[in-house]
Amino acid sequence: MATIRKKRKKVEVFAQGNEAIAEGALLAGCSFFGGYPITPSTEIMEVMSHRLPKTEDGVFIQMEDEIASMGAIIGASLAGRKSMTATSGPGFSLMQEHIGYACMVEAPLVVVNVMRGGPSTGLPTSPAQGDVQMARWGTHGDHSIIVLSASTVQECLEMTVIAFNMAEKYRTPVILLVDEVTAHTREKISIPDPDDLEILSRMTPTVPPEWFKPYAEATRAVPAMAPIGSGYRIHVTGLTHDNMGFPTSRPDEVNEAMKRMFRKIDQFYGDIMMVDEFMCDDAEVAVVAYGSVARSAHYAVEQARERGVKAGLLTLKTLFPFARPAVEKLCRRCRHILVPEMNMGQISREVKRVNNGITRVRTLNRVDGQIITPSEILKAIL
Amino acid sequence: MAEVTQLIHDYLRHNKKFPHVFCPGCGHGIVLGSLIRSVHALQLPKDDVVIVAGIGCSGRMAVYVDFNTVHTTHGRALTFATGIKMANPKLKVICVMGDGDALSIGGNHLIHAARRNVGVTALILNNYIYGMTGGQCSPATPFGDTSMTTPHGSLEQPFDTVDLVTAAGANYVARGTSFHANMLDTLIKDAIMHPGFSVVEALSPCPTQYGRKNKFKGAVSMYEWLKKNTVKVENRKEGDTRIPIGVFRDVDQPGLEDRYAALKAQIAKKDLPAPKEAPVPAGECAPLEVPVEKAETKEQA
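Residues numbered from 1 in each chain as written. Chains lettered and ligands numbered in written order. Predicted model: local features only at pLDDT ≥ 70, side-chain atom pairs only at ≥ 80, totals over all residues. Heavy atoms only, no water.

Mind showing me how you'd approach the overall build of chain A here?
For chain A, the count of helices and strands is 13 helices and 16 strands. Whereas a compact globule of 382 residues would reach a radius of gyration of roughly 21 Å, chain A reaches 21 Å, a difference of no more than 12%. Based on the C-alpha atoms only, the size of chain A along its principal axes is roughly 70 × 45 × 45 Å. When burial is assessed residue by residue, chain A has 64% of its 382 residues classed as buried. Taking the intrachain contacts of chain A between residues at least 6 apart in sequence as the baseline, contacts between residues at least 24 apart amount to 79%. Working note: accessible area of chain A is about 13400 Å², and carbon and sulfur atoms make up 50% of it. For chain A, the distance from the average site of its 42 positive side-chain charges to the average site of its 44 negative ones is 5 Å. (Helix = DSSP H or I, 4+ residues; strand = E, 2+ residues; numbered from the N terminus. Rg over C-alpha atoms; globule rule 2.2 N^0.38 Å. Buried < 20%, exposed > 50% of the residue type's maximum accessible area, 1.4 Å probe, protein only. Contact = heavy atoms within 4.5 Å. Areas by Shrake-Rupley, 256 points an atom, 1.4 Å probe, with all protein chains shown as cover. Lys, Arg positive; Asp, Glu negative; His and termini not counted. Charge placed at Lys NZ, Arg CZ, Asp CG, Glu CD.)

When you look at the overall build of chain B in this model, what are you seeing that I'm missing?
Within chain B, the secondary structure is distributed over 11 helices and 10 strands. Across the 301 residues that make up chain B, the buried fraction comes to 53%. Relative to all contacts within chain B whose residues are 6 or more apart in sequence, the contacts with residues 24 or more apart total 68%. In the structure as shown, chain B presents an accessible area of about 13900 Å², 57% of it carried by carbon and sulfur atoms.

It is not clear to me how the environment of Ile-175 of chain A should be interpreted in this structure. Could you clarify?
Residues and elements named next belong to chain A. Relative to the elements of secondary structure, Ile-175 occurs in strand β8 (residues 173-179). By relative accessible area, Ile-175 is classed as buried at 0%. Sequence separation of Ile-175 and Ala-135 is 40 residues, and the distance between their C-alpha atoms is 6.9 Å. Residue contacts for Ile-175: discarding those within four places in its chain leaves Phe-92, Ile-99, Val-111, Ala-135, Ile-145, Ile-146, Val-147 and Leu-148.

Would you mind going over the nonpolar core with me for this structure?
The nonpolar side chains of a soluble globular protein tend to be buried, and buried together. Counting residues in hydrophobic clusters, the biggest one holds 149 residues, and the most contacted among them are Met-48, Met-84, Val-112, Leu-148 and Ile-347 of chain A together with Val-52 and Phe-197 of chain B. No other element matches helix α6 (residues 153-170) of chain A, which puts 11 residues into this core. Dropping the residues within four chain positions of it, Val-112 of chain A is found in contact with Ile-21, Ile-44, Met-84, Thr-85, Ala-86, Thr-87, Leu-176 and Val-178 of chain A. Formed by 36 residues, the second largest nonpolar core is a distinct cluster that contains Phe-22, Tyr-172, Ala-202 and Ile-245 of chain B. (Core = buried A, V, L, I, M, F, W, Y, C linked by side-chain atoms within 4.5 Å.)

Even after reading the chapter, I still don't get the pairing of strand β8 (residues 198-203) of chain B, so can you show me in this structure?
Looking down a regular strand, the side chains alternate between one sheet face and the other. All names here are of chain B. Counting buried residues along β8, 6 of its 6 residues qualify, which places the element largely inside the surrounding structure. Side-chain alternation along β8 places Ser-198, Val-200 and Ala-202 on one buried face and Val-199, Glu-201 and Leu-203 on a second face that is also buried. Bridge analysis of strand β7 (residues 172-177) against β8 gives 6 bridges, and the strand direction is parallel. Within β8, the position partnered with Tyr-172 by the bridge is Ser-198. For the crossover from β7 across helix α8 (residues 181-193) to β8, the handedness is right-handed. (Pairing = 2+ DSSP bridges. Right-handed = clockwise from strand over helix to strand, strands pointing away.)

How should empty space enclosed by the protein be read in this particular structure?
Picture a little ball the size of a water molecule; that probe, rolled over the atoms, points out where space is still empty. For the structure shown, the criterion picks out 3 cavities of 30 Å³ or more. Taken as a whole, the largest cavity spans an internal volume of roughly 100 Å³. Lining the largest cavity are Asn-126, Asn-127, Tyr-128, Leu-203, Ser-204, Pro-205, Tyr-210, Phe-216, Met-222, Trp-225 and Leu-226 of chain B. Sorting elements by how many residues they give to the lining of the largest cavity places helix α10 (residues 219-229) of chain B first, with 3 residues. In the lining of the largest cavity, the residues fall into 8 nonpolar, 3 polar and no charged. Here the second largest cavity is characterised by a volume of approximately 80 Å³. Around the second largest cavity sit Leu-78, Val-105, Arg-171, Phe-212, Pro-214, Tyr-215, Ala-224, Met-225, Ala-226, Ile-228, Ile-234 and Val-236 of chain A, which together line it. For the lining of the second largest cavity, the per-class residue count stands at 11 nonpolar, no polar and 1 charged. (1 Å grid on protein atoms, 1.4 Å probe; cavity = no way out; pocket = protein on both sides within 12 Å on 5 of 7 lines; lining within 4 Å. Points joined across faces, edges and corners; volume = space filled by probe spheres on them. Nonpolar A, V, L, I, M, F, W, Y, C, P; charged D, E, K, R; others polar.)

I'm lost on the packing of helix α1 (residues 17-27) of chain A against α6 of chain A in this one. Help?
How two helices pack is summed up by the angle between their axes together with the distance between the axes. Residue and element names in this part refer to chain A. Running from amino to carboxyl end, α1 crosses α6 at an angle of 35°, the nearest separation of the two axes being 7 Å. Helix-helix and strand crossings are classified by hand; for α1 and α6 the assignment is right-handed. Contact residues: α1 offers Gly-17, Ala-20, Ile-21, Glu-23, Gly-24, Ala-25 and Leu-27, while α6 offers Val-153, Cys-156, Leu-157, Thr-160, Val-161 and Phe-164. Class assignment for the residues of the contact of α1 with α6 results in 9 nonpolar, 3 polar and 1 charged. (Axes fitted to C-alpha atoms, helices over the stretch in contact; angles between N-to-C directions. Left-handed = near helix turned anticlockwise from the far one by under 90°.)

This is the structure:
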């Protein structure tokens, strides 16, 4: 899964990243959007408010705040809908408690965070990538989660579809991180034919209600999910629960449940982890980047090659779980690794962890609300 | 008696480990009984009923009853309920909250659910105190009463739930007590059958955390207090300081889910045939519609 197959027939439009995300969500079968407007993510919500009432069963609701938005989409997800919300830094902070709840009850949903400068209200209309570690560790407690990123408008559409597929497949909240540059850049994109897309939906129980165990161990470690109102009367709780969904504090039951929730992501690591390699095969200097910075880096790598420097680029499409094998391979080959990002080093921290002294990891950070230009990256490569 | 036993068998979960968490004398069990009797009297199928509960003693109610039940985060039960109701309007969504849940952390959600008039029934169990956390004051604790966090007496005026949700626009607003169980049955029954947002506040004594600190001799004296200090709203005379109980507001405006369905029908009628300005790809995918152009610099949201 997680790939968009060859397009048979396509429609080309000129759109910005936020609109592409909304389009991707609709293609993926999103039928519930609850949100609260916040710059620079608002266009996603605006497109959804326009489009969802026109679809067969689409529901759009503007809630009173981000906490409520997240609560509403979890409720809708439990009732069997593919649901999504979109926000930006401060709103994402508010959502954290409910992201933890969604992890615990294993509710499939997609949260889009169009990152802006921070902390606090920060730089509302300027790009930043400061929410990377918050996306992974923002909520309390130990949990696994999937975090994706997009660097082009086309990718915004595709990654949204993939985000929904992963959410449904692994019964987990998926966070899509986009930065303001990608979200507001207008580009020509092609909208794939819906028939060409692989759209996944959650597994529903096939056993009679009296046999159904809502959180039972399954081969994929992902239990089937019965929508509320379908005849399977289940209890959903944010408390640690046994396989029937009822609160428990028995160490053996708690241990089993927690381990399974980690395992369902861990064992499909190869499926979830997505990277783009560009000229990495013979690279002596590698750039590891994501989001709009990856596009600057792409150009910088081309320029470096023209000047005879064997540079390569690793674009991270999945940020968490972290792309350890891909990065490790580069660490073993390269003279140094450069990690440019619009924060003080949130992914370079992961790269350094993987590197663990093998080679040199250099960082290039900007936190002034400005994009990182190709020439800056080129200077750092040379 | 036999009928009561039968109801217990029908509506409580057999595979759940009992006993429940409620203390002796707690009013919550009576409210739970009322809720079950109301659902039973209305002959609602169990699969169509969703109990969404917040956190605390009242939140535990969701564990015991054999409906679709969701035990949510503190104060946010109404947001989940809104999502569930909008996702599947056929369901009867009942939201069980405590006074801390509904009025403090969830105060914003409560007034907005009322304003939105979403078809959810909110059952607010008001025991004047945070029970499960150990007896701290809540936004419903009466002025001057003592609690773990107001040892010298509360300096703040409590919310009047009825006034609050009436002002915010709920369709049906009522107040009952654990002492007046039969009346509570009727109120909950009416609330469930009402379109739009309905609220039933149930005054429910907490002898362990509230009564003990406020010089009530025991659970019985708290129920006697309820009997003495409440008056039916229709019998209330000018200058009566007792707490009015009964139905305060009863209108039948359509709920949000009905208005949304009407809007969708209207759009569907207007939208046929499909818009012609852009090519329509195969399948259901309509061309991307670009919303109103944004100015370059935007006010910070």
